[in-house]
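Read off the chains here:
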Amino acid sequence: MPVIAADQLLASAAPIHAAVGVIRGPGNTVLAALRASGSHQGGLWEFPGGKLESGESVKQALQRELEEELGIAVLSQSFLCQIAHDYADKSVLLDVWSVDCFSGEPHGRQGQPLRWIPVDQLQMDEFPVANRAIIRRLQLPDIIAITGDCDDAETFFSCFEQVLAQGIDLVQLRAPALSENEFRIRALRCGELCQVYNARLLLNAEPELVAEVDAAGFHANSQRLMALRQRPVNQNSYFSASCHNLEQLLHAEKLGADFVLISPVLTTKSHPEVIPLGWERFKELTAAATIPCYALGGLGRQDVTQSKANGGAGIAAISAFW
């Protein structure tokens with residue numbers, strides 16, 4: 001009889017399916033509970049929830065778990081994301097929901113400490129690894145700016161700083177005309193400016209440059225995306241991608257992308273000949289996605305609400321900010 005290794009048994013075991021609630025509080029805070037020291041991932045904070053019981057839907061499990069753990073009744077919930085993660089000793093599948101309205105006062109019915117944490121103060125290393133993708137999702141902004149063309153370096157940095165001065169805290173550095181070394185020099189300077197303005201920098205370049213520049217993450221254009229066979233950066237860095245159709249979107253999800261930019265939604269000044277997707281097709285694509293989708297192409301601040309109404313996380317733009 002063949003011997004089956006422990007890791008093979010783990011790989012063949014069904015993941016533990018759990019419903020997780022991101023409970024919203026005042027001042028853009030979320031509720032975290034402390035796991036018991038003797039439990040799996042003990043001593044870390046987590047978003048409350050628990051395993052589905054036989055015959056339960058995700059919504060039913062979430063409502064039951066939050067009542068049992070916190071003594072609250074869920075009145076309004078909306079899907080946030082789904083996360084699959086393999087620990088050394090088990091695999092989990094987390095269905096994560098945003099709980100925007102509830103009745104009752106949350107308290108640790110099982111003796112677990114609770115605290116309300118501002119979203120921008122959530123610390124990755126204080127949570128289980130499987131929860132960290134939730135934090136990345138919560139800390140995504142409504143607006144992502146993308147740098148435009150500019151031959152003169154000093155003029156470029158002036159434009160870049162003007163973008164940051166508008167309060168935009170996530171900027172993608174895109175400069176396809178630059179050599180690898182020129183891009184590195186520009187990225188280092190942009191990184192310094194982002195530190196001044198407490199902003200984050202995404203690099204539309206080689207993924208290896210992310211660690212060198214200490215950037216927030218890597219962005220892949222659609223061609224580079226389709227050539228990738230695995231996630232190009234670690235879980236502590238953002239990985240985003242440009243998508244124009246469902247095939248690219250599904251491939252980005254398969255690779256573990258944190259979010260995608262879907263384009264062009266409207267007609268753009270730079271490529272007026274390209275037929276735009278329109279809001280209806282954008283809505284169809286976001287409905288098929290399990291990761292945040294940003295609308296890109298001919299958009300500005302005024303379109304954030306429209307994007308969200310069609311399933312998007314917000315908008316990304318070049319000319320609106322550059």
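Let us look at the structure shown here. (Residues numbered from 1 in each chain as written. Predicted model: local features only at pLDDT ≥ 70, side-chain atom pairs only at ≥ 80, totals over all residues. Heavy atoms only, no water.)

**Digging into the packing of aromatic side chains**
Here is step 1 of the chain: Under the definition given, this model contains 9 aromatic pairs.
Here is step 2 of the chain: Plain terms: the ring middles of Phe79 and Trp97 are 5.7 Å apart, the flat faces sit at 80° to each other, and that makes the pair edge-to-face. Within this pair, whereas Phe79 is found in strand 5 (residues 73–86), its partner Trp97 is found in strand 6 (residues 91–103), the two being separated by 18 residues in sequence.
Here is step 3 of the chain: With 5.5 Å between their ring centres and 85° between their planes, Trp279 and Phe282 make a pair best called edge-to-face. Here Phe282 and Trp279 lie together in helix 9 (residues 278–288), a separation of 3 residues that amounts to about one turn. For the pair Trp279 and Phe282, a shared accessibility class is recorded, and that class is buried.
Here is step 4 of the chain: Taken together, the ring pairs in this structure connect Phe156, Phe157, Phe160 and Trp322 into an aromatic cluster. (Phe/Tyr/Trp six-rings, centres within 6.5 Å; stacked < 30°, edge-to-face > 60°. Helix = DSSP H or I, 4+ residues; strand = E, 2+ residues; numbered from the N terminus. Buried < 20%, exposed > 50% of the residue type's maximum accessible area, 1.4 Å probe, protein only.)

**Re helix 3 (residues 129–138)**
Here is step 1 of the chain: Counted residue by residue, helix 3 has 7 buried out of 10 residues, so it is predominantly covered.
Here is step 2 of the chain: Listed as buried for helix 3 are Ala130, Asn131, Arg132, Ile134, Ile135, Arg136 and Leu138.
Here is step 3 of the chain: Buried residues along helix 3 sit against strand 1 (16–25), strand 2 (29–34), strand 3 (45–46), strand 5, strand 6 and strand 12 (238–243). (Contact = heavy atoms within 4.5 Å.)

**Remarks on the pairing of strand 12**
Here is step 1 of the chain: In terms of burial, strand 12 is a largely internal element, 6 of the 6 residues being buried.
Here is step 2 of the chain: Alternating positions in strand 12 separate into two faces, Tyr238, Ser240 and Ser242 on one and Phe239, Ala241 and Cys243 on the other, with burial throughout.
Here is step 3 of the chain: Sheet topology places strand 11 (residues 217–220) next to strand 12; 4 bridges connect them, and they run parallel. The partner of Phe218 across the bridge, within strand 12, is Phe239. (Pairing = 2+ DSSP bridges.)

**Considering the nonpolar core**
Here is step 1 of the chain: Within the largest apolar cluster, 52 residues are counted, with the highest numbers of intra-cluster contacts made by Phe160, Leu203 and Phe239.
Here is step 2 of the chain: Core analysis: the next-biggest nonpolar cluster, separate from the first, contains 22 residues, Ala32, Tyr87, Ile117 and Ile135 among them. (Core = buried A, V, L, I, M, F, W, Y, C linked by side-chain atoms within 4.5 Å.)

**Brief notes about helix 4 (residues 153–165)**
Here is step 1 of the chain: Between the first and last C-alpha of helix 4 there are 18 Å, a value that for 13 residues agrees with the 18 Å anticipated at 1.5 Å per step.
Here is step 2 of the chain: Taken together, the buried positions of helix 4 are Phe156, Phe157, Phe160, Val163 and Leu164. Taken down its axis, helix 4 places every buried residue within 115° of arc, on the same side. Structural note: helix 4 exposes Glu154 and Ala165 on the side pointing more than 90 degrees away from its buried face.
Here is step 3 of the chain: Each element contacted by the buried residues of helix 4 is listed here: strand 8 (143–146), strand 9 (170–173), helix 5 (180–196) and strand 10 (200–203).
Here is step 4 of the chain: Just beyond helix 4, the residue with positive phi is Gly167, at close to 90°. (Expected span 1.5 Å × (residues − 1). Arc of directions from axis to C-beta.)

**Thoughts on the environment of Ser270**
Here is step 1 of the chain: Tracing the backbone shows Ser270 in the loop between strand 13 (259–262) and helix 9.
Here is step 2 of the chain: On the basis of relative accessibility, which here comes to 58%, the residue Ser270 falls in the exposed class.
Here is step 3 of the chain: With 48 residues separating them along the chain, Ser270 and Ile318 place their C-alpha atoms 10.0 Å apart.

**What to know about the pattern of salt bridges**
Where charged atoms of side chains with opposite charge meet at close range, the side chains can pair.
Here is step 1 of the chain: Here the structure, examined in full by the defined rule, presents 16 salt bridges.
Here is step 2 of the chain: Across the pair Arg35 and Glu46 runs a salt bridge, and its minimum N-O distance is 2.8 Å. Separated by 11 residues along the polypeptide, Arg35 in the loop between strand 2 and strand 3 and Glu46 in strand 3 bring together distant segments of the chain.
Here is step 3 of the chain: Look at Arg35 and you get partly exposed, because its relative accessible area is 22%.
Here is step 4 of the chain: Note that Asp142 and Lys308 form a salt bridge whose closest N and O atoms lie 2.8 Å from each other. (Salt bridge = Lys/Arg side-chain N within 4 Å of Asp/Glu carboxyl O.)

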